[in-house]
Every structure is written in C-alpha cells, then in structure tokens.
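Letter by letter, the chains look like this.
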There are 2 protein chains.
Amino acid sequence: MSIYVNNPHLDSMKDDILYHFNLGTSTHDLPAMFGDVKFVCVGGSPWRMKSFTEYIAKELGLLEPNAEFPNICEGTDRYAMYKVGPVLSVSHGMGIPSTLIKLLYHAHCTDVTVVRIGTSGGIGLKPGIVVVTKQSVDSVFQPRLEQVILGKPVVRSTELDAELAEELLQSGKDLAEFETVIGNTMCTLDFYEGQARLDGAFCSYSEEDKQSYLAEAYAAGVRNIEMESSVFAAMCKLSNLRAAVVCVTLLDRLKGDQLTSSHDILNSYQQRPQVLVGHYIKKKLNAYKKS
Amino acid sequence: MSIYVNNPHLDSMKDDILYHFNLGTSTHDLPAMFGDVKFVCVGGSPWRMKSFTEYIAKELGLLEPNAEFPNICEGTDRYAMYKVGPVLSVSHGMGIPSTLIKLLYHAHCTDVTVVRIGTSGGIGLKPGIVVVTKQSVDSVFQPRLEQVILGKPVVRSTELDAELAEELLQSGKDLAEFETVIGNTMCTLDFYEGQARLDGAFCSYSEEDKQSYLAEAYAAGVRNIEMESSVFAAMCKLSNLRAAVVCVTLLDRLKGDQLTSSHDILNSYQQRPQVLVGHYIKKKLNAYKKS
C-alpha cells in the first residue's frame, strides 16, 4: 500500500525542501534514510519522542550498547525526529502531518502505520485510562475537519482505520497493565473555552452549561478531548495511511478542569500510550517474521 | 492599566495551577516572581526566546558576568520562559495566550505590553523585511477570529494597538539596519493549503489560482502570512493588554513556496524582530527613567 500524495505540482519540482525537518530531496537520500519505515509515532513532546525511541529499541532488541539516538531534525528546536529500525518517532507541530506525508512519499515507504500518542482530558473516565480513538470528532461531535483553502471552506473526513483501532485495543487488553477503552475523541482549537473549561482567562458560561455540554459529548460517544487528532486523521486519510490515535486521560473533566495529580503520576500516565503502541509494534513485527 | 480577566469562576478557586508553565498560585509567589513585568515577548522557538533574553539583558545593561537564565517552566519541554528585569520571554503553543494572561493577572502586573515576534511568508516583499502588523486578518481578510464555545461559533475582534504598531515601526526606522513596513497579517490554520502553497502533500488548485488569491490578499493590505497572530491578538484585546505582532518575512510568496535561503541567512533574518523589539523596549525604559 503506497502513500498517496495528491499534488500534481510535486513532480515538477526539482527539489523539495522539507523545511520543518531540515531535510530535502536533493540534500538527503530519503529512500535510504527512511525507505524501511513501517511505523510512525507522532507525539507532542520532543523529549517524550526520544524516550519512546529508547523504549522501543529495547523492546525490539535493537538497543546496542552505548547507542545514541541523534535528532534527525537537528538544527531546528521546534521539532524532533528519531529512528530505530522500522520505527520513526516525530514530535508534532505546525505543518507536520503534511510534511511527514511528503517525507514518506519521497522515501518510497510502503505499508506504513501512523499512530499519534498523546495526552487528553477524559469524560467520565478515571485518570490514567488509555483511549483508542474510534472517530475524531469536532465540537458538534461530527467526524469532520473544516479547512479553509483559498478563502473557501472545505470539509474533510477524519475517519480512522477501524481494524487498527481494534488491534490497538486488543494490545491494551493483552498488556493488562492499565485500562484501555475505545471511544470518540473530540478535537478542539482551544484548551480552555473550546473544551468547556471553567478556569481559563475568559469564561462566559456556568458549571451547569459545562456539564450539560460534556454530557452531550458523552452521549455522542466522546470519551476524551485533545487538540491534534482531526488534522492528523484527515491528512492520513487523504494519503491512504493506516492511522490511529492513542491518548491517555490526565483527568476526568466531569470532576474538574485542573491537573491536580503529581508530576510523577502524570509522567507515569504519559508512558502508557507508548507502552501500548510498543506492544503492538512488537507483536506485528513478530508476526511478519513468522510469516 | 490592569489586566482584565473575565471569568467569575477564577475568584472562587483556592488554587490555580498553570499546568503549561509548571507554576501555580499556591506553589509559587507569582506577584514576587512576575509583578514587575512590563514587556512580554512571545515567540515560536524555546531556543530563540532564550537568545532573546540574553540579547535584551545585554541591551539593558542587566547582563551580569556568568549570568545564566534558567527556564522558569523547567519540568516541561513544550514551553520555555525566561525573565530579565521587566522583560519576560515565553515560547508559545497550545493554550499559551490564555495561560499567560492568567499569570500576569495573578502576578498583579500593570501596564504590560505584549509583542509576538516570529517568522512569516511575505507577499510582494523582499525576504528579510520586517512587518509590523496593523491588523491580524483571517483567510477572507477580516480582522476577526471565530472560536467555538460549547459547540457554538463566537466571533472575536483581532484588533491590535495602533499606537504601539506605529511606535514599533518608528523603532525599525530609527535602527535603519533593515527595512520595516506596516501591513496586515493573514493568520491561517494550515501551512500549506491554508496559505495557497503549491508544495504540500495535497494541492487542488493551480499556480494562477494561488497568484490570484495572494493578489486579493495584497489588495486587502496583507503583507505577510503566519499562524499565531489571531488567537494572540484576540486574547490580548479581551484582556486589555497592549499588543503587537512583529514578524520577519523569510520568502516572497509571490515568487515561490519553498525556503531556499541558506540556514545562516534565515537565522540572521530571524534576529531582526528581536533587535527591533529590543530597541523599542530600551527606548521605552529610558523614557520612563527620565520622566
């Protein structure tokens, strides 16, 4: 399954500079560097993506003594990228989904699975539960993303791969180290008012308004809220990439808005999506080897 | 002039944890730490905000031998915050404008000026020209931001302080080290299709469509395009903060979409908004001293 890029202009470009990654088609041999990538994990924190790479290297038996994992995007401090074997880890940010797709395309990668791992606020879930996203939905609970192109709105589907979601849920169950559920994930543009928080600089609604909005969300199948999944899902769908979103919940939004758990507890929660996805990748690679 | 926070819930909170900054009202003495802040600079790159702090310390004669500027938000690698004298430097990201406003409010700061410094794509401008934003406009060139609150759209003004913009333009002229212009800044949600680039993973329009859209933008007074100014401007306006946006252009979008200049040249361009804002702050502080 190849990566689908829908841009007739790309073929006529002599060189494609992937500015955000500090890479380019004429300066780097992208097929040699990335052609063997089968799994891409995207997450918010550069530091966490490095720690994920070390973890997965250990899990896959690819950790050599004194191994160092240099940041492939060195020279920019906004993004970080690490690779070990068939696993690429990238921190996200402005323009990343699209640039990542171009990278995989230029590198002639095939059969790639992309998973966003991250944190979220839960709805009606105990903190620390991992949510595998069924659908990424907008603020009125629809699986769509409205983008603006040349000043005109364009609506795109944020549908994710249902089979992959089920497989990831199964990995969580196999592990049995923490609770894993499947549910819809609401993606917002704002951390405070967009998520019905009462503790932002501005708030024009009551606690009752908040609770009734979150109850509506819950009724529509929403189990957690974050801010990245919709662009990620829409871009992956457009490119024929198998994609999933796995986020841990750091709090139950029905019970509050602030993160009151200790940093140690929050940090341990944040490792759970990594552990789950690590387990999944290992299982998949073992299955390939056997077949 | 005090900072205006419009949230009746805030007063009833015993403690406000500013999670993104790793700070809180019960764990930190925010008025002691930040009460003297008069200028806040917000920028995209943690590293650049540190280098700005070192630069401004030198400019203001506040650089002590062997001075180190620790990251006040230590413990999170998503954001960075540095302070020297009355100048606070913060890297931006998810939820930052709102959290920053709460920080200034809790610290009882008064008469604060906030400037976003950053990079952008220019329209009809030579690369390296600095644009002081007159108005931050959306993709149909209107000075507004649509947010979604409890699933319903809310439109907010992105008006900036006209007097401050003129003063910053004057600082650019006084310096005479590079060209500085005033113009509207278009703020988009997407780096590729949202900015009419032809080099993204997806593109459904022609070079002519792109050029005619950018020509429309130019006719509406738009001189550069970036992705942060509208939330920044809207939040500052709601909070009674004098705010400005100063971005250097890294390329002329009428001539291309890719960043083809060398990293050294791009880095030198990126210092220009810092130098301009440094000059402005120094001038303002000297005027205070004299009065």
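Predicted model only: the values in this text are computed from it and were never measured.

Each value, and the rule that gives it
- Residues numbered from 1 in each chain as written.
- Chains lettered and ligands numbered in written order.
- Predicted model: local features only at pLDDT ≥ 70, side-chain atom pairs only at ≥ 80, totals over all residues.
- Heavy atoms only, no water.
- Salt bridge = Lys/Arg side-chain N within 4 Å of Asp/Glu carboxyl O.
- Helix = DSSP H or I, 4+ residues; strand = E, 2+ residues; numbered from the N terminus.
- Buried < 20%, exposed > 50% of the residue type's maximum accessible area, 1.4 Å probe, protein only.
- Domains from an automatic or database assignment.
- Contact = heavy atoms within 4.5 Å.
- Buried area = accessible area lost by both parts, 1.4 Å probe.
- Polar contact = N/O pair within 3.5 Å; in protein donor to acceptor, adjacent residues only side chain to side chain.
- Nonpolar A, V, L, I, M, F, W, Y, C, P; charged D, E, K, R; others polar.

## Re the pattern of salt bridges
Residue and element names in this part refer to chain B.
Phase 1 of the analysis: For the coordinates displayed, the defined rule picks out 26 salt bridges over all chains.
Phase 2 of the analysis: Put simply, Arg 242 and Asp 161 hold a salt bridge, and the shortest N to O gap is 3.6 Å. Residue Arg 242 is found in strand E12 (residues 242–252), and its partner Asp 161 is found in the loop between strand E9 (152–157) and helix H4 (162–175); the two are separated by 81 residues along the sequence.
Phase 3 of the analysis: For Asp 161, a relative accessible area of 22% puts it in the partly exposed group.
Phase 4 of the analysis: With its nearest N and O atoms 2.8 Å apart, the salt bridge here joins Asp 257 to Arg 253. One exposure class covers both Asp 257 and Arg 253, and it is buried.

## So, the domain arrangement of chain A
Residues and elements named next belong to chain A.
Phase 1 of the analysis: Domain annotation for chain A reports domain 1 (1–111) and domain 2 (119–290).
Phase 2 of the analysis: Each of domain 1 and domain 2 was reduced to a C-alpha centroid, and the two centroids are 23 Å apart.
Phase 3 of the analysis: Taken residue by residue, the interface counts 21 residues in domain 1 and 21 residues in domain 2.
Phase 4 of the analysis: When domain 1 packs against domain 2, close to 1,800 Å² is buried across both sides, 71% of that on carbon and sulfur atoms.
Phase 5 of the analysis: Along the contact surface separating domain 1 from domain 2 lie one salt bridge.
Phase 6 of the analysis: Among the salt bridges present, the one from Glu 59 reaches Lys 282, with a minimum N-O distance of 3.4 Å.
Phase 7 of the analysis: Taken together, the connections running from domain 1 to domain 2 amount to five residue pairs in polar contact (both at pLDDT 80 or more).
Phase 8 of the analysis: Elements represented by at least two residues in the side of domain 1 that touches domain 2 include exactly strand E3 (39–43), helix H2 (46–59) and helix H3 (96–106).
Phase 9 of the analysis: It is H2 that provides the largest number of residues to the side of domain 1 that touches domain 2, a total of six residues.
Phase 10 of the analysis: Its residues assigned to classes, the side of domain 1 that touches domain 2 comprises 15 nonpolar, four polar and two charged.

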